[in-house]
Amino acid sequence: MAQQQHSSRSILIITIIVAVVLIIVIWPLSMIGKGSVTTAAGDEPEVRIQPVAKLELAKAAAVKSDGKPRDGATVYNSVCMACHASGAAGAPKAGDKAAWAPRLAAGTATLVKNAINGKNAMPAKGGNPDLSEAEVKAAVEHLIGLAK
């Protein structure tokens, strides 16, 4: 029984000695190549973690006029055609007599009023607040002409 204690005690001592030797040998080896960290002038962490690209949304530039009122075809081509050519958002397509028939029955004054103030998905003045009421009226008359 004395030998069992001696063997377990010797195993414990050998384990401690091996651990100490490993710490003494491995720790200095792990420090090789690790000098003091110096940062370059442009090597700031904020700069290094910036995203690869940035996306900025900007409002599209409105079509500027020269101060003269634009005719209906010009206003239609620059503003109204975006929806009325394709029928986007339920807009009646230009030239579609069946879609324009109930609107024409309401009268030109109602169509002009709805175009100026907006109706359903159509924003006021077709989404271009720079248009004058005369230009909106000219665009409505142009659309009516296409539907007849």
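Cut-offs and rules
Here the residue numbers are simple positions, counted from 1 along each chain's written sequence. With pLDDT at 70 or above as the cut-off, local features in this predicted model cover only qualifying residues; side-chain atom pairs require 80 or more to be listed or tallied, and sums for whole chains, interfaces and linings still use all residues. Note that the side-chain values use all heavy atoms of the structure and ignore hydrogens as well as water. Only runs of H or I of at least four residues qualify as helices and only runs of E of at least two qualify as strands under DSSP, and these elements are numbered from the N terminus. To estimate how far a helix should reach, multiply one less than its number of residues by 1.5 Å. Working definition for bend: take the seven residues up to and ending at a residue and the seven starting at it, fit an axis to each, and measure the angle between the axes. Residue contacts are counted whenever heavy atoms from the two residues lie within 4.5 Å of one another. Whether a residue is buried, partly exposed or exposed follows from its accessible area with a 1.4 Å probe, protein chains only, as a fraction of its type maximum: under 20%, in between, or over 50%, in that order. Read the arc as the range of directions from the helix axis to the C-beta atoms.

As named in an unreviewed UniProt entry, the protein chain is Cytochrome c555, taken from Candidatus Accumulibacter phosphatis.

Engineer: Sorry if this is basic, but what is going on with helix α3 (residues 72-84) here?
Structural biologist: In an α-helix, one full turn covers 3.6 residues, which means residues spaced three or four apart are oriented alike. The end-to-end C-alpha separation of α3 is 14 Å, well short of the 18 Å expected for 13 residues at 1.5 Å each. Remark: the principal bend of α3, roughly 50°, maps to Ser-78. At its buried positions, α3 is contacted by α4 (97-106) and α6 (133-147).

Engineer: Hey, could you run me through helix α5 (residues 108-117) in this one?
Structural biologist: Of all the residues in α5, the buried ones are Leu-111, Val-112, Ala-115 and Ile-116. Down the axis of α5, the smallest arc covering the buried residues is 130°, so these residues share one side. Of the exposed residues in α5, those oriented more than 90 degrees away from the buried face are Ala-109, Lys-113 and Asn-117. Each element contacted by the buried residues of α5 is listed here: α4 and α6.

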